[in-house]
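Understanding the architecture of this molecule
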Amino acid sequence: MKKIPLLILFILTNFQVLNAQGRLLNQKFSIELSNVLLEDVLYEITNQSNANFAYNSRIIEPEKRITIRAKNETLQQILETITEYYNLEYSVVRRQIILRPAPEKEKPLKSYTVSGIIKDMNTGETLPGATVWAHNTASGTISNQYGFYSLTLPEGIYDLNFSFVGFSRENMEVIFDRNKNLNMELELNTETLGEVTITVNEKVEQIQKSQMSHIIVNPMSMQAMPEFAGEVGLIRNLQSLPGIKTHSDGSAFFFVRGGNKDQNLILIDEAPVFNPAHLFGYYSVIIPETAKDITIYKGDFPIEKGGRLSSVIDVQTKDGNMKRFGLDGVINPLMSRLALEGPIVRNKSSVYTSVRRSNFNWIYRETAPNVDLHILDLNFKINWSINNKNRVYYSLFHGRDNYTNHTGNTGIRWYNGTSTLRWSHIFNSRLFANATLYGSTYNYNLLVGQGIKWESEIRNISLRYDLSYFPNPELTYKFGLSRSQHELNPGNLMGLEENPYIPRLTVGKASKTLLYFSRENQLNDRWSWKAAIRLPLWHHTGPARIYSFNEKYQVVDTLLYQENESIKGFLNLSPALSVRYRVGENASFKFSHSINHQYLHLLSSSISPFSSFEIWVPSGANIKPQRAHQTAIGFNLYLPSVKLEIIPEMYYKKMFNQLDYVPHANLILNPLFHSQLRFGQARSYGMELLLRRTEGRLTGWLSYTWSRVFNQFDELNHGKEFPAFYDRPHDVSVFLNYHLGKRVNISANWTYQTGSAITTPIGFYEYNGSKVPIYGTRNNDRLPDYHRLDLSLAWTLNQPGNRFNHSLNFGIYNFYNRHNPVSINFNKVKTKDGNFVVPANLYGSHEILSTQKYLLGIMPSISYRFGL
Amino acid sequence: MIRNLLTFNINWFRISFLMGIIALLTTQQSCEKEIDWELQNNELPSIVVEAMLTNENKIHEIRLTHPVKNINEAPGTVNGAIVKITSGHFEYPFTESDEIAGTYQSNFPFAATIDRDYELHIHYENKNYWAQTYMVPVSVPDPPRFEFVKSRNMFRIDWNNPQFNLQEQAMYEADISWEHLPEFDTQDTLTRARFTYFTFNTIDVSYNIAPQDKEEIYFPAGSIVTLSKYSLTPEFANYMRALLAETQWQGSIFEDARGNLSGNVSNGGLGYFSACSVIRVTITVSQTPGY
């Protein structure tokens, strides 16, 4: 209690002091001085206010002058102006004002953004996937598909490093003192060209944050890979990558992480290609030489490019040389290709065009002189760089297979076409936008003469607007929306008069409206994460005749829908999350989980390696969207001393609403084809390992995959789980490439896969003179293991540095002539001349043999490449 | 006229297109070779029913056999079964033949008709098997054409009935005999042949477009060809189409997934009980090539 009077005394005393200070600081006066020293100002204040100043003259810059104009302002306001200007602070002790240096403030550093386009110095082509790295920091970025990069750093001077595989590295000192545009041109390093097929950059791993399950293929250097029939096929080479299995020799089908063949989205300049096969699968429509960038995603798909369950193959075609005209081509006994590119207005706009046509008529001229079998590809692209912020592209792809007679009225013909119009706009150094209008068509015809044909078709047109926002190097937002319209013909007879006997198959139209958003955030040096949400709204509409079925798949109702009348809608959220944890400079753990939906389905009960009659149908009243949940964990390790990258990944995928068929399903010209479908689940899991070395005279990779895929359908195989056809547990590939000198390069590729799961009989019975197989469980057996060795030698004929370059490529496919079977059959007899034929005479007593069919033995090739 | 529009034969594929395609594909040495393949051992179903009624007034036969483990093994016959066919109030009992084991013959001749349902009843080893079928009409077949093969101085059959017909599905059976010709009467020479041909209302790539190489049957001038055209109900056509997929079309370059045939015999029985209208045409192969 004694303390209370003392406290009151203290308060009163201090109140008096505070009150005196307040009076001093609040007195108002005017002062107007120009270009004077501080002591002159203080003298004037003392004159007007009786305030005394105390300070050490050394703390004041002696020659620093001030201009002050205050009109009826308080002493406090005037002091604040003065002390801020001289970087001082003041305090009042009685009537004395003491000046002293202001403590050093943590001055917040401003951040600035440097952005621009990274290009090839020789051609002006933009370089997607190039890295920009601020030396001695943990900050960097990767150029997007259009070569655009944006790097935001605190104010300062940085040594920026620009690099792209196969190109010379560029270093540049850049002052981050304002937002600025910095375009960079990298020069092609001709000495390393061909060394690398799959890109790696030691900084990519650090920059990529949480992206996993993807592989960037450098199309320029795919020439180093062994050829098949003189052509480097992208799909065939995918087989050597972990997690991707092809069907067999001569097939364009591939299966990614246990997904079916229709679960792969192949994009050429954003537009989907529905059949990537030429000649039933022997050749691929994707010509590596016409591509600028090829990226394969096995999971963790780019947010704007989902829509299939298992993979995205994203191909960006060449823009064309902005600086000079160029010509290149390939000639081999079966195919020829010629490409022309050049500027329309130098450094402003360019054009690229490529034509590939088969020339294999010499093979069949004797046996079938009246037929016309050919394939044709046309790639065309034009781009116009309006200014630093706007660029417009238009690209076209036309791929055609023609197997008809000379009059063209009987035979098979199919066509893939895509067309893309794209406008890239840089709003500012941190905001990049893309508006894309694209369409694609896949059309399949069986011409039966008399103007009659069976035709199936899928047409798609889409408009998409994407935005990428880079507030700082640690944060990236992507968001956008798209609208797609699909028209489908599931296969109908055309050229016939309307007749009730002619079945008409209608599946109507479908539209997809998609909203998406993703945020990628690097929390610190170790942790980064990415969260993404896709929200597709699928709408199935008429005109269509839709059948309803009972549990026995008998029709119980038929509904006729008019044009644009709503049939069924689906709204499914597709979220994705990925996380990265860095361990040291060049290693990181990664995790991803995603849910994907697929609304377009390929109906084909064929197990053939070749594409045949293909029907695309939409999700709707009788088909639910396919859905997949995929979880993957991985580890990335880069060993700079030996230039070796080690990437193990493990995944588990569960797929719902998967399609299969009743045995001997009838899908063609069957209006009730939905009754032939069965729906079930699939699960796949596996472990992948990729070791790759990308620099030096010896480069290459080793990949190994152990994986399983199982299907379960309540109404098939007695409801029991069975392995999928593409369940091939062990898969090994070794690719080695060695530079013998500056002009000679040799490479070898060895592939091994467990044989596909197949169904073989457990017995037979006789019916109408035929031996009919009896099967036990589905896919109860396996084809013999698949393996082969391919070799190639590329011999450059010109001296290095010559503008005209040309080379001879020799290849041997299946060097040791392994007969890898595509089927095992139990229906053949051997004729006297050693051929295997199906017995026809039902009176005969035949010894039926088991046989295996294989497609490709040893196959040498030669091709001549040239470029100018 | 409608028939012409709704049917077509894709023979062109067989001749030119296929040869071109196959030549192209087989440039890559597509090939077939014999292989030893060990089949997995599982329990097999009990009986196989091969029963076809026709609209001919005759003694009908039903063949009952057992499945076999090995493809070249002769099927065991089902003996001692009780077999009958019923149709409404009518009953047609069958008795096992003394001469051909496993073959059951109707006790009296009868002809099936298109306006009735027929039911097959089999009792064997304490199990009952049952199947039901019906018959659809058949149209008159086009007679087959014969192509003279100069190198062999023989003929081969050149089908001209359509492979594809939206209105009518049918099975053709050509029974060719030249055993009556004096120069072909020895025991060790092939003197008879029977083979089939189908019209479906489906397009099957392995049939219409890329069929397998098939045994060629050559026969001399003077051979007698009996062409029988059988009507196929949609269900039986599906069964025969599946049978072809598992036999003649198996291993074709556009092959479908394999699977068991869905017959109409209950209780796990294999085979099919069918009823077909049939029209037969008999032709003697002329000396004049090209007929």
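Everything below is about the structure printed above this text.
Residues numbered from 1 in each chain as written. Chains lettered and ligands numbered in written order. Predicted model: local features only at pLDDT ≥ 70, side-chain atom pairs only at ≥ 80, totals over all residues. Heavy atoms only, no water.

1. Focus: the overall build of chain A
To keep it simple, the criterion reads: Secondary structure elements follow DSSP: runs of H or I of four or more residues count as helices, runs of E of two or more count as strands, with numbering from the N terminus. Each residue is placed in one exposure class: buried if its accessible area under a 1.4 Å probe, protein chains only, is under 20% of its type's maximum, exposed if it is over 50%, and partly exposed if it falls in between. Any two residues whose heavy atoms approach within 4.5 Å are treated as being in contact. In short, Shrake-Rupley with a 1.4 Å probe defines the accessible areas, and a residue's cover is counted only from the protein chains shown. Under this rule, positive means Lys or Arg and negative means Asp or Glu; His and the chain ends count for nothing. In plain terms, the charge of a residue is placed at NZ if it is Lys, CZ if Arg, CG if Asp and CD if Glu.
When you go through chain A residue by residue, the secondary structure sums to 6 helices and 57 strands. Along the first, second and third principal axes, the C-alpha set of chain A runs to 135 × 70 × 55 Å. Considering chain A as a whole, with its 868 residues, one finds that 60% of them fall into the buried category. Contacts in chain A between residues at least 24 apart in sequence constitute 65% of all its contacts with a sequence separation of at least 6. Carbon together with sulfur atoms contributes 56% to the accessible area of chain A, which is approximately 34,700 Å² in total. Both charge centroids of chain A, one from 89 positive and one from 74 negative side chains, sit 2 Å from each other.

2. Structural notes on the overall build of chain B
Helices and strands together make up the secondary structure of chain B, namely 4 helices and 17 strands. Taking all 291 residues of chain B together, 54% fall into the buried category. The long-range fraction of contacts in chain B, counting pairs at least 24 apart against all pairs at least 6 apart in sequence, stands at 69%. Accessible surface, chain B as shown: approximately 12,800 Å² in total, 49% of it carbon and sulfur.

3. Considering the interface of chain B and chain A
Stated formally: Summed over both partners, buried area is the accessible surface (1.4 Å probe) that two parts give up on being assembled. In what follows, salt bridge is the name for a side-chain nitrogen of Lys or Arg lying within 4 Å of a carboxyl oxygen of Asp or Glu. By the criterion applied in these results, polar contacts are pairs of N or O atoms within 3.5 Å in which, for protein atoms, one can donate a hydrogen and the other can accept it, and in which residues neighboring in sequence qualify only through two side-chain atoms. Strand pairing is assigned whenever DSSP identifies at least 2 bridges connecting the two strands.
Listed by partner, the interface residues are 93 residues for chain B and 98 residues for chain A. Around 8,700 Å² of area is buried between chain B and chain A when both sides are counted, 61% of it from carbon and sulfur atoms. Summed over the shared surface of chain B and chain A, the result is 2 salt bridges. Linking chain B with chain A are 44 residue pairs in polar contact (both at pLDDT 80 or more). Looking at the side of chain B that touches chain A, the element that brings in the most residues is helix α2 (residues 11–27) of chain B, giving 11 residues. With 4 bridges joining them, strand β56 (residues 849–854) of chain A and strand β2 (residues 31–34) of chain B adopt antiparallel strand pairing. Looking at the pairing, Y854(A) lines up with C31(B) of β2(B).

4. Regarding the sheet that holds strand β10 (residues 156–163) of chain A
Residue and element names in this part refer to chain A. For clarity, the cut-off: To obtain each axis, a line is fitted to C-alpha atoms, and for helices this fit is confined to the stretch in contact; angles are then taken between N-to-C directions over 0 to 180 degrees.
Taken in spatial order, the 4 strands make up an open sheet running β8-β7-β10-β11, and their pairing is antiparallel. In the strand order of this sheet, the two ends are held by β8 (140–142) and β11 (170–176), each with one partner. Neighbouring strand axes in the sheet, compared pairwise and without regard to direction, differ in orientation by 20 degrees on average. Pairing of strand β7 (residues 131–134) with β8, which is carried by 3 bridges, proceeds in the antiparallel orientation. Bridging from a neighbouring strand, T131 pairs with I142 of β8.

5. A closer look at the sheet that holds strand β15 (residues 224–231) of chain B
All names here are of chain B. In spatial order, the strands read β14-β13-β15-β17; together these 4 strands make up an open sheet with antiparallel pairing. Each edge of the open sheet is held by one strand with a lone partner, namely β14 (192–199) and β17 (278–284). For this sheet, the mean inter-axis angle between neighbouring strands, taken without regard to orientation, is 15 degrees. Examined bridge by bridge, β15 and β17 share 7 bridges and lie antiparallel to one another. Along β17, the bridge assignment pairs V225 with I283.

6. Here's the deal with the side chain of K245(A)
All names here are of chain A. By secondary structure assignment, the location of K245 is in strand β15 (residues 244–246). With relative accessibility at 5%, the residue K245 sits in the buried group. A polar contact of 3.4 Å, which involves the side chain of K245, links it to the side chain of S707. The contact partners of K245, leaving out residues within four places of it in the chain, are F253, F254, F255, T705, S707, Y726, R728, D731 and Q753.

7. A short note on the environment of V330(A)
Residues and elements named next belong to chain A. Among the structural elements, V330 can be located in strand β23 (residues 326–331). On the basis of relative accessibility, which here comes to 2%, the residue V330 falls in the buried class. When the C-alpha positions of V330 and Y685 are compared, they lie 41 Å apart, and in sequence the two are 355 residues distant.

8. As for the packing of helix α2 (residues 38–49) of chain A against helix α3 (residues 75–86) of chain A
All names here are of chain A. Rules: Should an angle lie under 35 degrees it is considered roughly parallel, over 145 roughly antiparallel, and from 65 to 115 roughly perpendicular; all remaining angles are considered oblique. Amino acids outside the nonpolar list (Ala, Val, Leu, Ile, Met, Phe, Trp, Tyr, Cys, Pro) and the charged list (Asp, Glu, Lys, Arg) are all regarded as polar, and Gly is one of them.
Contact geometry of α2 with α3 gives a least axis separation of 12 Å together with a crossing angle of 170 degrees. Classified by the angle between their axes, α2 and α3 sit roughly antiparallel to one another. Counting all contacts with α2, which are made through L38, V41, I45 and S49, the residues of α3 involved are L75, I78, I82 and Y86. Tallied by class, the residues present in the contact of α2 with α3 amount to 7 nonpolar, 1 polar and no charged.

9. Remarks on the side chain of T418(A)
Within the element layout of this structure, T418(A) appears in strand β28 (residues 410–428). Ignoring any residue separated from it by four or fewer positions in sequence, one finds T418(A) in contact with I268(A), A271(A), P272(A), V273(A), S395(A), L396(A), F397(A), G439(A) and S440(A).

10. Describing the pairing of strand β32 (residues 509–522) of chain A
All names here are of chain A. Of all 14 residues in β32, 10 are buried, a share of seventy percent or more. Bridging between strand β31 (residues 475–494) and β32 involves 13 bridges; their strand directions are antiparallel. Its bridge partner lying in β32, F479 is registered against F517. Note that β32 and strand β33 (residues 527–541) share 14 bridges and pair antiparallel. Along β33, the bridge assignment pairs K512 with W538.

11. Points about the packing of aromatic side chains
Residues and elements named next belong to chain A. Here is the rule: Within 6.5 Å between ring centres, the rings of Phe, Tyr and Trp (the latter by its six-membered ring) count as paired, and their orientation is classed by plane angle as stacked under 30 degrees, edge-to-face over 60, tilted in between. Should the NZ of a Lys or the CZ of an Arg lie within 6 Å of a ring centre and within 35 degrees of the ring normal, that charge is described as sitting over the ring.
All told, the structure shown has 42 aromatic pairs over all chains when counted by the stated rule. Between Y444 and W454, the aromatic rings sit 6.3 Å apart at their centres with planes inclined by 75 degrees, giving edge-to-face as the arrangement. Residue Y444 is located in strand β29 (residues 431–449), and its partner W454 is located in strand β30 (residues 452–472); the two are separated by 10 residues in the primary sequence. Take W454: its relative accessible area is 0%, and that puts it in the buried class. Cluster of aromatic residues (ring-pair linked, three or more members): Y146, F148, Y393, F432 and F470. Across the ring face of Y85, the terminal group of K64 is positioned such that the distance to the ring centre comes to 4.5 Å. In this structure, K64 is placed above the aromatic ring of Y86, and the distance from its NZ or CZ to the ring centre is 5.5 Å.

12. Some remarks on the pairing of strand β7 (residues 103–106) of chain B
Residues and elements named next belong to chain B. The sheet contact formed by strand β4 (residues 61–65) and β7 spans 3 bridges and is antiparallel. Among the inter-strand pairings, E61 is bridged to a residue of β7, identified as Q105. For strand β6 (residues 90–96) and β7, the ladder comprises 3 bridges, and the chain directions are antiparallel. Paired with F94 across the bridge in β7 is S106. Linking β6 to β7, which pair antiparallel, is a turn of 6 residues; within it G102 sits at a positive phi near 80 degrees.

13. Notes on the pattern of salt bridges
Working definition: two side chains of opposite charge can pair if their charged atoms are close together. Residue and element names in this part refer to chain A. Counting across every chain of the model gives 47 salt bridges over all chains. When the shortest N-O distance is used, the salt bridge between K245 and D731 registers 3.6 Å. Of this pair, K245 sits in strand β15 while D731 is found in strand β46 (residues 730–739), placing the two residues 486 residues apart along the sequence. With respect to burial, K245 and D731 carry one shared label: buried.

14. A closer look at a nonpolar patch on the surface
Residues and elements named next belong to chain A. Selection rule: Here a patch means residues that are over 30% exposed by relative accessible area and free of salt bridges, tied together within 9 Å if like-charged and within 5 Å if nonpolar (Val, Leu, Ile, Met, Phe, Trp, Tyr).
Taken together, the side chains of L698, L736, Y738, L740, I746, L793, W795, F810 and I862 make up a nonpolar region of the molecular surface, amounting to roughly 730 Å² of accessible area. Sorting the residues of the nonpolar patch by element identifies β46 and β52 (786–796) as the ones contributing at least two each. In this fold, W795 is placed in strand β52. Look at W795 and you get partly exposed, because its relative accessible area is 38%.

15. Some remarks on the nonpolar core
Put simply, the rule is: Within this scheme, the nonpolar core is defined by two criteria: the residues are buried Ala, Val, Leu, Ile, Met, Phe, Trp, Tyr or Cys, and they are joined through side-chain atoms within 4.5 Å.
Y283(A), W454(A), L493(A), L603(A) and F613(A) are the most contacted members of the largest nonpolar core, which totals 68 residues. A total of 4 residues in this core trace back to one element, the largest contributor, which is β29(A). Counting residues in each nonpolar core, the second largest holds 49 residues, with I774(A), A174(B), F198(B) and V278(B) among its members.

16. What to know about the environment of S213(A)
Residue and element names in this part refer to chain A. Looking at where S213 falls in the secondary structure, it is placed in the loop between α4 (204–207) and β14 (214–217). Overall, the relative accessible area of 3% leaves S213 in the buried class. Placed 98 residues apart in sequence, S213 and S311 show a C-alpha to C-alpha distance of 9.7 Å. Those residues within four positions of S213 in sequence are excluded, and the remaining contacts are R257, I296, Y297, K298, G299, A632 and E649.

17. Looking at the environment of R192(B)
Assignment of secondary structure puts R192(B) in strand β14. On the basis of relative accessibility, which here comes to 33%, the residue R192(B) falls in the partly exposed class. Contact partners of R192(B), with chain neighbours within four places excluded, come to N841(A), Y843(A), D175(B), I176(B), S177(B), W178(B) and E179(B). Of note is the side chain of R192(B), whose polar atom sits 3.2 Å from the side chain of D175(B).

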